[in-house]
Amino acid sequence: MPEAESEAFILFEVTAKPDAVETVKRLLTERFPDTRKFDGYRTLDAYVDRADGRTFTLVQSWASREHYDTYLAWREAQGDLADFLQYVEGEPRVRFFDHVDA
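No experiment lies behind these values; they were computed from the predicted model shown.

Caption draft 1: Spotlight on the overall build of the chain. Scanning the chain from terminus to terminus reveals three helices and four strands. Seen in sequence order, the chain has helices and strands lined up from the N terminus as β-α-β-β-α-α-β. Considered along the principal axes of its C-alpha atoms, the chain spans approximately 50 × 35 × 20 Å. Within the chain, the proportion of its 102 residues that are buried is 34%. Look at the contacts in the chain between residues 6 or more apart in sequence, and 74% of them connect residues 24 or more apart. For the chain, the exposed surface amounts to about 6700 Å²; the carbon and sulfur share of it is 50%.

Caption draft 2: Here's a closer look at the sheet that holds strand β2 (residues 41–48). Strands sit in the order β2-β3-β1-β4 across an open sheet of four strands; the sheet is antiparallel. Two strands lie at the open edges of the sheet, namely β2 and β4 (88–97), each paired on one side alone. With strand direction ignored, the average angle separating the axes of adjacent strands in the sheet is 15°. Relative to strand β3 (residues 55–62), strand β1 (residues 8–16) is paired through eight bridges, and the arrangement is antiparallel. Residue pairing across strands places Ala8 opposite Trp62, the latter belonging to β3.

Caption draft 3: Expanded view of empty space enclosed by the protein. If you walk through the whole model with that rule in mind, you get one cavity of 30 Å³ or more. When its volume is computed, the largest cavity comes out at roughly 250 Å³. Around the largest cavity, the lining is made up of 16 residues, and of these Leu28, Leu58, Tyr71, Arg75 and Leu81 lie nearest the centre. Contributing elements (two or more residues each) for the lining of the largest cavity: α1 (21–37), β3, α2 (65–78) and α3 (80–85).

Caption draft 4: Seen up close, the side chain of Thr35. Counting through the fold element by element, Thr35 comes out in helix α1. For Thr35, a relative accessible area of 1% puts it in the buried group. The residues touching Thr35, leaving out its near neighbours within four places in the chain, are Tyr41, Leu44, Trp62, Tyr71 and Arg75.

Caption draft 5: Highlighting the side chain of Thr57. Note that Thr57 resides in strand β3. A relative accessible area of 17% places Thr57 in the buried class. Ignoring any residue separated from it by four or fewer positions in sequence, one finds Thr57 in contact with Leu11, Phe12, Glu13, Asp45, Ala46 and Tyr47.

Caption draft 6: Main features of the nonpolar core. Ranked by size, the top nonpolar core spans 20 residues in total, and within it Phe12, Val24, Leu28, Phe56, Trp62 and Phe84 carry the most contacts. Elements represented by at least two residues in this core include exactly β1, α1, β3, α2 and α3.

What counts, and where the lines are drawn
Residues numbered from 1 in each chain as written. Predicted model: local features only at pLDDT ≥ 70, side-chain atom pairs only at ≥ 80, totals over all residues. Heavy atoms only, no water. Helix = DSSP H or I, 4+ residues; strand = E, 2+ residues; numbered from the N terminus. Buried < 20%, exposed > 50% of the residue type's maximum accessible area, 1.4 Å probe, protein only. Contact = heavy atoms within 4.5 Å. Areas by Shrake-Rupley, 256 points an atom, 1.4 Å probe, with all protein chains shown as cover. Pairing = 2+ DSSP bridges. Axes fitted to C-alpha atoms, helices over the stretch in contact; angles between N-to-C directions. 1 Å grid on protein atoms, 1.4 Å probe; cavity = no way out; pocket = protein on both sides within 12 Å on 5 of 7 lines; lining within 4 Å. Points joined across faces, edges and corners; volume = space filled by probe spheres on them. Core = buried A, V, L, I, M, F, W, Y, C linked by side-chain atoms within 4.5 Å.

Pasting the structure below:
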């Protein structure tokens, strides 16, 4: 019996360049509405680290990992991801989690 698709819970973390914190905030604000309309979207919230004021964590859930991957491919094809990443230091840290029935 094939395994059922399960919800994808994702943490996407980036650190804004020192002179780009406001730009990162603006880009997130501008782009979240389209994300929230995308097929499979469940939730998306952004947080900034109190300690440094530059590290952003996007907490997301999607209907499945496939939905998230399709969304990310769309952002890459539009050039949105490359545009966003020019304002951050290093590579994004992306982690995927499975729900634990506890």
